Amino acid sequence: MPTLAEELIGLKQRHMVPCLYHFYRQPPVIVRGEMQYLFDAEGRRYLDAYAGVTVMNAGHCNPAIIEPAIAQIRRLQHTTTIYLAEPIYRLAERLTALIGGGIDRVFFVNSGTEANEGALLLSRLFTGRTGFIHLNGALHGRTALTMGLTGLAMWRTDPAPPPRLFQAPCPHCAHCELGLRFGSCGYACVEAVRAILREQGDIAALIAEPIQGNGGIVVPPEGYFERLQAVLHEAGALLIADEVQCGFGRTGRRFAFQHSAIEPDILTLAKALGNGFPIGAFCTSARIAACYTRPGASTTGGNPVSAAAALAVLDYHDEHRLAERAADLGAWLRERLEALTAGRPFVAEVRGRGLMIGLELALDGRPLPALADWLLEEMKNRGFLIGKTGRGREVLAFMPPLVVERADLEGLCAALGELLDRVPPDGAVPGEP
Ligand SMILES: Cc1ncc(COP(=O)(O)O)c(C=O)c1O
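Residues numbered from 1 in each chain as written. Predicted model: local features only at pLDDT ≥ 70, side-chain atom pairs only at ≥ 80, totals over all residues.

Participant: It is not clear to me how the overall build of the protein should be interpreted in this structure. Could you clarify?
Facilitator: In terms of regular secondary structure, the protein is built from 13 helices and 16 strands. Against the globule reference of 22 Å for 433 residues, the protein gives a C-alpha radius of gyration of 22 Å, in line with a compact fold. Expressed as a percentage of the 433 residues in the protein, the buried residues total 49%. Sequence-distant contacts, at least 24 apart, represent 74% of the contacts inside the protein between residues at least 6 apart. (Helix = DSSP H or I, 4+ residues; strand = E, 2+ residues; numbered from the N terminus. Rg over C-alpha atoms; globule rule 2.2 N^0.38 Å. Buried ≥ 20, exposed ≤ 12 C-beta atoms within 10 Å, placed from the backbone. Contact = placed C-beta atoms within 7 Å.)

Given below as structure tokens:
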């Protein structure tokens, strides 16, 4: 008799498109979620330290979020914006108040990809230009345009990306691709953007994650975004901040752009906005939004159920001060991870902000993805689901729901410490030749 996991993998192989991969050699079958925990079909409990890829910031099946959504389902499940229904407009009002500054217009969609696609379109309408710049290491989605603007080889599947897309260097000082040192580099990575703007002349916008998620939790240096936006504005181009992954409290501020003294021209959101209910948004100023007047609609974007859930998400974040929690617990976790990994030559860097922390496994600049896979599998066997990102799939990602408790993270660190003790200095996978 095959196990349930084996049966599901069989169905997947026979009926799903093969690009859909899963973590783990022996994946658990997840059947239930409860705040920071997931449970498998055999009743084992896991600390979800990846939050369903940073979606469940307010916890799995959080009653404060699902009950209003269930009530909304019973009352009214779907209309579109061709009729008036209350939740979507209340959400637009709440969300823009929360973002603050000059951002006061929203378009709701279903996903992060769609939010970015909409933001890119808006920037074309506003500037009357066609080209875009993205950063090496970025991930922005799966449509032709957003995949073309993705700077990670493994996610760039389209063999014929759209034209007029340009890649600028990733602002990751520890691995400066221009071979420079922060302090004496003159922000050469921003100057590279200036050069593209000058040479191409037709750039509508640059899209960037304030902290790169899939690129390996990359935090740009102090002053980067301020200079970048100034250079873009000088050339009449816009800055689109993609906070699909790093938004909603994860980095210790409500939005990650708030770590710098900028306000993006367009901000894109998804994932944690719905805390498991599908919703995304692109948000901008009245001035920029004013150029988008031809009819537009998203059939299920911001539908009453997702909007009701998102309103409850925003309430929960406020009441439980999740961003502050992320800042405090994140500082503690980062310090613990730094202490655990100090003196281990196969750990290149621990980095991140708030509860968005990456641990890079590399030896003398050589990524160690097999070690990352081993640690992921062994941590899972001990009840901890952690993530994996990075250009070389060598960065362990610690991004738990922001409702996580310190005791959970202590358990995680203890398990990780025991495993790291088994890894030899050359980073070889224990037990393998
Ligand atoms: C930064 C970023 N942008 C966009 C996306 C695409 O979002 P979605 O999968 O909701 O389309 C992702 C997904 O991981 C992401 O991390």
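Here the narrative resumes.
Participant: What exactly am I supposed to notice about the packing of helix H11 (residues 322–341) against helix H13 (residues 406–421) here?
Facilitator: Helices that pack against each other are described as a pair by the angle of their axes relative to one another and the distance between those axes. Here H11 crosses H13 at 15°, and the two axes come no closer than 10 Å. Overall, the two elements H11 and H13 adopt an arrangement that is roughly parallel. Judged by the sense of rotation from one axis to the other, the crossing of H11 with H13 is right-handed. Together, Leu329, Trp332, Leu333, Arg336, Leu340 and Thr341 of H11 and Arg406, Leu409, Cys413, Leu416, Gly417 and Leu420 of H13 make up the contact between the two elements. For the contact of H11 with H13, the per-class residue count stands at 8 nonpolar, 2 polar and 2 charged. (Axes fitted to C-alpha atoms, helices over the stretch in contact; angles between N-to-C directions. Parallel < 35°, antiparallel > 145°, perpendicular 65-115°, else oblique. Left-handed = near helix turned anticlockwise from the far one by under 90°. Nonpolar A, V, L, I, M, F, W, Y, C, P; charged D, E, K, R; others polar.)

Participant: I would appreciate a short explanation of the site of the ligand in the present structure.
Facilitator: As a matter of local geometry, the ligand sits amid 15 residues, with Ser111, Gly112, Thr113, Val244 and Gln245 nearest to it. Element by element, the count of residues in the shell around the ligand is highest for helix H5 (residues 112–127), at 3 residues. Residue classes in the shell around the ligand are distributed as 4 nonpolar, 9 polar and 2 charged. (Near = placed C-beta within 6 Å.)

Participant: Hey, could you run me through the environment of Cys185 in this one?
Facilitator: For Cys185, the location among the structural elements is in the loop between strand E6 (165–168) and helix H7 (188–200). With 16 C-beta atoms counted inside 10 Å, the residue Cys185 sits in the partly exposed group. Linking Cys185 and Cys173, residues 12 residues apart in sequence, is a C-alpha distance of 9.8 Å.

Participant: Which parts of the structure should I look at to understand the nonpolar core?
Facilitator: Ala205, Ala281, Ala310 and Ile386 are the most contacted members of the largest nonpolar core, which has 125 residues in total. Per-element tally for this core: the top contributor is helix H10 (residues 304–320), with 9 residues. For Ala281, the residues in contact, after removing those within four places along its chain, are Leu95, Val106, Phe107, Phe108, Val109, Ala115, Leu269 and Leu273. (Core = buried A, V, L, I, M, F, W, Y, C linked by C-beta atoms within 7 Å.)

Participant: Where do I start with the packing of H7 against helix H8 (residues 224–234) in this structure?
Facilitator: With their axes 10 Å apart at the nearest point, H7 and H8 run at an angle of 15° to one another. Considering the angle they form, H7 stands roughly parallel to H8. Where H7 crosses over H8, the handedness of that crossing is right-handed. Here H7 contributes Val190, Val193, Arg194 and Leu197 to the contact with H8, which in turn contributes Tyr224, Arg227, Leu228 and Val231. Its residues placed into classes, the contact of H7 with H8 shows 6 nonpolar, no polar and 2 charged.

Participant: Explain the sheet that holds strand E14 (residues 384–385) to me, please; I cannot follow it from the model alone.
Facilitator: Across the sheet, 4 strands lie side by side as E1-E2-E3-E14; this open sheet has mixed pairing. A strand with exactly one partner marks an edge of an open sheet, and here the two such strands are strand E1 (30–34) and E14. Direction of pairing for strand E2 (residues 37–40) relative to strand E3 (residues 45–48): antiparallel, over a ladder of 3 bridges. Paired with Leu38 across the strands is Tyr46, a residue of E3. (Pairing = 2+ DSSP bridges.)

Participant: Please clarify how the domain arrangement of the protein should be interpreted in this entry.
Facilitator: As a measure of interface size, the accessible area lost when the parts come together is often cited. Each assigned domain of the protein is listed here: domain 1 (1–31) and domain 2 (63–320). Taking only C-alpha atoms into account, the centre of domain 1 sits 32 Å from that of domain 2. (Domains from an automatic or database assignment.)

Participant: Could you clarify how one ought to interpret unusual backbone geometry in this entry?
Facilitator: Peptide bonds are, in most cases, trans, and in most cases residues other than glycine have a negative phi. With a phi close to 55°, Thr54 is a non-glycine residue in the positive phi region. Relative to the assigned elements, Thr54 resides in helix H2 (residues 51–54). When the 24 C-beta atoms within 10 Å are taken as the criterion, Thr54 is described as buried.

Participant: I'm lost on H7 in this one. Help?
Facilitator: An α-helix turns once per 3.6 residues; consequently, residues spaced three or four apart project the same way. Over its 13 residues, H7 extends 18 Å from the first C-alpha to the last, a length consistent with the 18 Å expected when each residue adds 1.5 Å. Where H7 is buried, its residues touch strand E5 (131–135), E6, strand E7 (203–208) and H8. Immediately downstream of H7, the backbone of Gly201 shows phi near 65°, a positive value. (Expected span 1.5 Å × (residues − 1).)

Participant: Teacher, can you tell me more about the pairing of strand E11 (residues 347–353) here?
Facilitator: Each regular strand displays side chains that alternate between the two surfaces of the sheet. Burial within E11 is extensive, with 6 of its 7 residues counted as buried. Sheet topology note: the E11/strand E12 (residues 356–363) ladder contains 6 bridges and is antiparallel. The partner of Arg351 across the bridge, within E12, is Gly358. Where E11 folds back on E12, the antiparallel hairpin that results is connected by 2 residues, among which Gly354 adopts a positive phi of roughly 55°.

Participant: Help me understand helix H3 (residues 63–75), please; the structure alone is not making it clear to me.
Facilitator: Across its 13 residues, H3 extends 18 Å between first and last C-alpha, which sits within 8% of the 18 Å expected from 1.5 Å per residue. Regarding H3, the residues found buried are Ile65, Ala69 and Gln72. All buried residues of H3 lie within an arc of 55° about the axis, which places them on one face of the element. Exposed residues lying more than 90 degrees from the buried face of H3 are Pro63, Glu67, Ala71, Arg74 and Arg75. Tucked inside the fold, the buried residues of H3 contact helix H4 (86–99) and H10. (Arc of directions from axis to C-beta.)

Participant: Where do I start with the sheet that holds E7 in this structure?
Facilitator: Two modes of strand pairing occur in sheets, parallel and antiparallel, and in both the strands are linked by backbone hydrogen bonds. If you walk across this open sheet you meet the 7 strands as E4-E10-E9-E8-E7-E5-E6, and the pairing is mixed. Each having just a single partner strand, strand E4 (103–109) and E6 make up the two edges of the open sheet. Each strand of the sheet is rotated relative to its neighbour by a mean of 20°, with strand direction disregarded. Examined bridge by bridge, strand E9 (residues 266–269) and strand E10 (residues 280–285) share 4 bridges and lie antiparallel to one another. Across the sheet, Leu269 pairs through a bridge with Ala281, a residue of E10. Here H4 sits on the sheet in contact with E4, E9 and E10, set at roughly 135° to E4. Against the sheet, H7 touches E5, E6 and E7, its axis set at about 155° to E6.

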